[in-house]
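Geometric and topological summary
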Amino acid sequence: MWIFIVKRTGVMALTALCLTFLVFFLTNLQPNLEKLAKTQGTMRMSDEAVDRWLEQRGYKQPLLVRYGEWLGVSPGFLLVKDNGKTLGRCVKPGADHIPNYCGVLQGDMGWSTVFKDHVSSIVSKRLGLTGWLMLFVMLVMVPMALIIGVLAGMREGSRTDRSLSTFAIITTATPEYVSGVVFVVVFASSAVGLRWFKGSSASAMDDITIANFTLPVITMAFYGMGYIARMTRASMAEVMTAQYIRTARLKGVSFTNIVLKHALRNALIAPFTVIMLQIPWLLTGVVIVETLFNYKGFGWLLVQAASNNDIDLLLACSMVAVFVVLVTQLISDIGYVFLNPRIRIS
Amino acid sequence: MESLSSLQIAISLLTQFLPVWVGLGIIISLSMYYRPHLGLYGHLFDSRVGTIGLILVLFWVLTALFADLIITHDPLAQISGMKNKRPGFPVRGMEGTFYLLGGDNLARDIFSRVIMGSRTVLSIAPAATVFAFMVGITLGLPAGYRSGRLDTTLSFLSNLVLAFPVILLFFLLVTPEIRSTGVPIYLAAVLFLFPIILFVVLFQSRFYTQPTKRNIYVSLVLVIGFWAYSGLAFNMDPLGVFYMEPNLLNIFVSVVFVNAPTVFRIVRGLTLDIKTRDYVAAAETRGEGPWYIMLWEILPNARGPLIVDFCLRIGYITILLGTLGFFGLGVSPESPDWGMTINEGRKLLSIYPHLAIPPALALMSLVLGLNLLADGLREQSLKD
């Protein structure tokens, strides 16, 4: 077991390294750097001025060296100008001494060029906001999906099964930007009249209420729910045809008892994996929903970082995202073994 | 002039779709008549879910085909005085014509835009799915059949792409800056090579005992393949038949790149399962080459799950294209792309709900149709 975890951690580290290098490469392409220079300097910079700007801030070094700087294995770029001002990667406004190395390994995620702040503090603040969103989405989505799946799967082919399955298909066919728009029109627009909730969640960043948080949560839960429900249904339907369920029935155990005491435990193994693997998929939903409802969390941050080519911020965002993907994969694998003692990993 | 009432709007909408109804009627009645001879497609009509799905998909395919006949106005024309007008509003200056679903914030006809938008979606999504499948099949078959180091490398690479959040990849890959560096062209140069490889190997492994036949097929594939390849990937087609807008190429390549690893995983898994079957052992004993076994023994037997996934994937790519449009990364700023229309409409959602609802429902119904179709196909293919 431990060898497995160590091995997996090694693969994870390699994956994270490859992916951050890919992001680094894409954000450091020449046109992107020129765009960065122009947004940070002035829009009407001449080509030489852009060149000088990039040169003085160390963007002209070879890509691998700069990736090493970001990682913290090669010393950070430093330039002392004629007038005594220092420019460089490790120079932060307000700090008295300039460290030699400042990369991820030193715990420095870098400096955001858009927000003029430390990347780590921005990311942790926005992640906290998205954490609340995710928490409520999970609290709504998982129980709903499991109930639908179990109810549909316990009597395969029945009318309940057919209608619940159709509902599950409809939810998987409704991406967040469709359901979000429909929900806003129905529940929040002044045109229709049902003004139950608010169409904007900007106020939820300080204070979460039912009025400002319901719509983003149900919008996200709606799209993710269908897939989990269908997997639960398939798993439940399979369990219900097993020998031991038939034995229980022949013994005269009531149907409710069979479902709750005999079938449910075994039927929930597969959905567990699906739920864990679904978490990274929610990221796209987070980005859409936060844009749609104006909730400034991690998804919003990602959009800002990408549209402004804020290199350090974007790298930090992708590290978080990749970390979530890899950790959920690991948990789902390990959890699967604990839930299903028939499987052994070597 | 009076605005149309809801009933009148509904009636005009139904009559506008007349070519689609006629086409649907012909296709469905012909399919019903020849049903016993149509194999899996014929069996589809046994399941209600599958039939509904098929009708929804056919509806949008026919709408895209007859879009020129269905639209009531030019989807790009802005008519003054029609900004944000409610559905059924009479068009100023044009006696007897109406904006059936209202006007958008640039005074364009929403109905015509939604109809034209179906063309954009239905020309990109299925084509991208086909390419993703060809890449996935060409790599997944040997990975599953051969296993070993090749499998480990390819699986690691595919997991790498899959671990990457889709939305982030799109933000990085679909930008004007990336286009000027030529990254999409390099990606296209690699990805568009796979269909050619697949078809060459397909014919080579089948007909290598009949050299004349093989030479004809393989040279045909090579000529047509590289002709299309030069046009699509490098925009250097000498005859100018094959051509893709740089922006469209960028989106297309990114979509294929994101979806190919999933297809790879499915094909690899299926191959691992099928290669233990007796008919594969029989072919090996006969002395068939590995590519023959992969392409002519394993692949046809993996078709059931692949067809189902094909339908689901078109739907998924439709959602993905909508997402791109939603973030303003769509095909072109003017195009009546559904995702983009939703994005434009959502800003005025609380005052004018009619701007964003029609494209949203259109997208949903198409994806729903594809999902139902996939479900019906799965049900029927499991029965065999």
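Structural notes, computed from the coordinates. (Residues numbered from 1 in each chain as written. Chains lettered and ligands numbered in written order. Predicted model: local features only at pLDDT ≥ 70, side-chain atom pairs only at ≥ 80, totals over all residues. Heavy atoms only, no water.)

1. Here's the deal with the environment of A:Ala168
With respect to the helices and strands, the residue A:Ala168 is situated in helix 6 (residues 159-172). For A:Ala168 and A:Met225, which are 57 residues apart along the polypeptide, the C-alpha to C-alpha distance reads 7.3 Å. (Helix = DSSP H or I, 4+ residues; strand = E, 2+ residues; numbered from the N terminus.)

2. Here's the deal with helix 12 (residues 298-308) of chain A
Burial runs high along helix 12 of chain A: 8 of the 11 residues are buried. Buried within helix 12 of chain A are the following residues: A:Phe298, A:Gly299, A:Trp300, A:Leu301, A:Leu302, A:Val303, A:Ala305 and A:Ala306. Buried positions along helix 12 of chain A lie against helix 5 (119-154), helix 11 (269-292) and helix 13 (311-339) of chain A together with helix 8 (166-173) of chain B. (Buried < 20%, exposed > 50% of the residue type's maximum accessible area, 1.4 Å probe, protein only. Contact = heavy atoms within 4.5 Å.)

3. Focus: the nonpolar core
Taken as a class, soluble globular proteins show a tendency for nonpolar side chains to be buried jointly. Of all hydrophobic cores here, the largest spans 186 residues; its most connected members are B:Phe192 and B:Phe327. Beyond its immediate stretch of four places on either side in the chain, B:Phe327 contacts A:Val287, A:Ile288, A:Thr291, A:Val303, B:Ile167 and B:Phe171. Core analysis: the second largest hydrophobic core is formed by 21 residues, B:Phe133, B:Leu198, B:Leu202 and B:Leu270 among them. (Core = buried A, V, L, I, M, F, W, Y, C linked by side-chain atoms within 4.5 Å.)

4. Looking at the packing of helix 5 of chain A against helix 11 of chain A
What describes two packed helices is the angle between their axes and the distance between those same axes. Residues and elements named next belong to chain A. Closest axis-to-axis distance for the helix 5/helix 11 pair is 11 Å, and the angle between their directions is 130°. Here helix 11 runs oblique to helix 5, going by the angle between their axes. Here helix 5 and helix 11 pass one another in a crossing that is right-handed. Where helix 5 abuts helix 11, its residues Thr-130, Leu-133, Met-134, Met-138, Met-141, Val-142 and Leu-146 lie against Pro-271, Ile-275, Ile-279, Leu-282, Val-286 and Glu-290. Per-class residue counts for the contact of helix 5 with helix 11 are 11 nonpolar, 1 polar and 1 charged. (Axes fitted to C-alpha atoms, helices over the stretch in contact; angles between N-to-C directions. Parallel < 35°, antiparallel > 145°, perpendicular 65-115°, else oblique. Left-handed = near helix turned anticlockwise from the far one by under 90°. Nonpolar A, V, L, I, M, F, W, Y, C, P; charged D, E, K, R; others polar.)

5. Examining the interface of chain B and chain A
Listed as interface residues are 40 residues of chain B and, on the opposing side, 46 residues of chain A. With both chains or domains summed, chain B and chain A bury close to 3,900 Å², and 81% of this area falls on carbon and sulfur atoms. Together, B:Ala163, B:Leu172 and B:Glu177 form the three largest contributors to the area buried by chain B at its contact with chain A, with a combined 13%. The interface formed by chain B and chain A contains 2 salt bridges. Among the salt bridges present, the one from A:Lys35 reaches B:Glu177, with a minimum N-O distance of 3.8 Å. Taken together, chain B and chain A are joined by 4 residue pairs in polar contact (both at pLDDT 80 or more). Among the elements of the structure, helix 7 (148-163), helix 8, helix 9 (176-181), helix 16 (303-326), helix 17 (338-346) and helix 18 (357-383) of chain B are those that each provide at least two residues to the side of chain B that touches chain A. Tallying contributions element by element places helix 18 of chain B first for the side of chain B that touches chain A, with 10 residues. Its residues assigned to classes, the side of chain B that touches chain A shows 29 nonpolar, 7 polar and 4 charged. (Buried area = accessible area lost by both parts, 1.4 Å probe. Salt bridge = Lys/Arg side-chain N within 4 Å of Asp/Glu carboxyl O. Polar contact = N/O pair within 3.5 Å; in protein donor to acceptor, adjacent residues only side chain to side chain.)

6. Here's the deal with a positive patch on the surface
Taken together, A:Arg159, A:Arg162, B:Arg48 and B:Lys383 make up a surface patch of like positive charges. One can find A:Arg159 in helix 6. We classify A:Arg159 as exposed; its relative accessible area is 75%. (Patch = residues over 30% accessible without salt bridge, like charges linked within 9 Å, V, L, I, M, F, W, Y side chains within 5 Å. Areas by Shrake-Rupley, 256 points an atom, 1.4 Å probe, with all protein chains shown as cover. Lys, Arg positive; Asp, Glu negative; His and termini not counted. Charge placed at Lys NZ, Arg CZ, Asp CG, Glu CD.)

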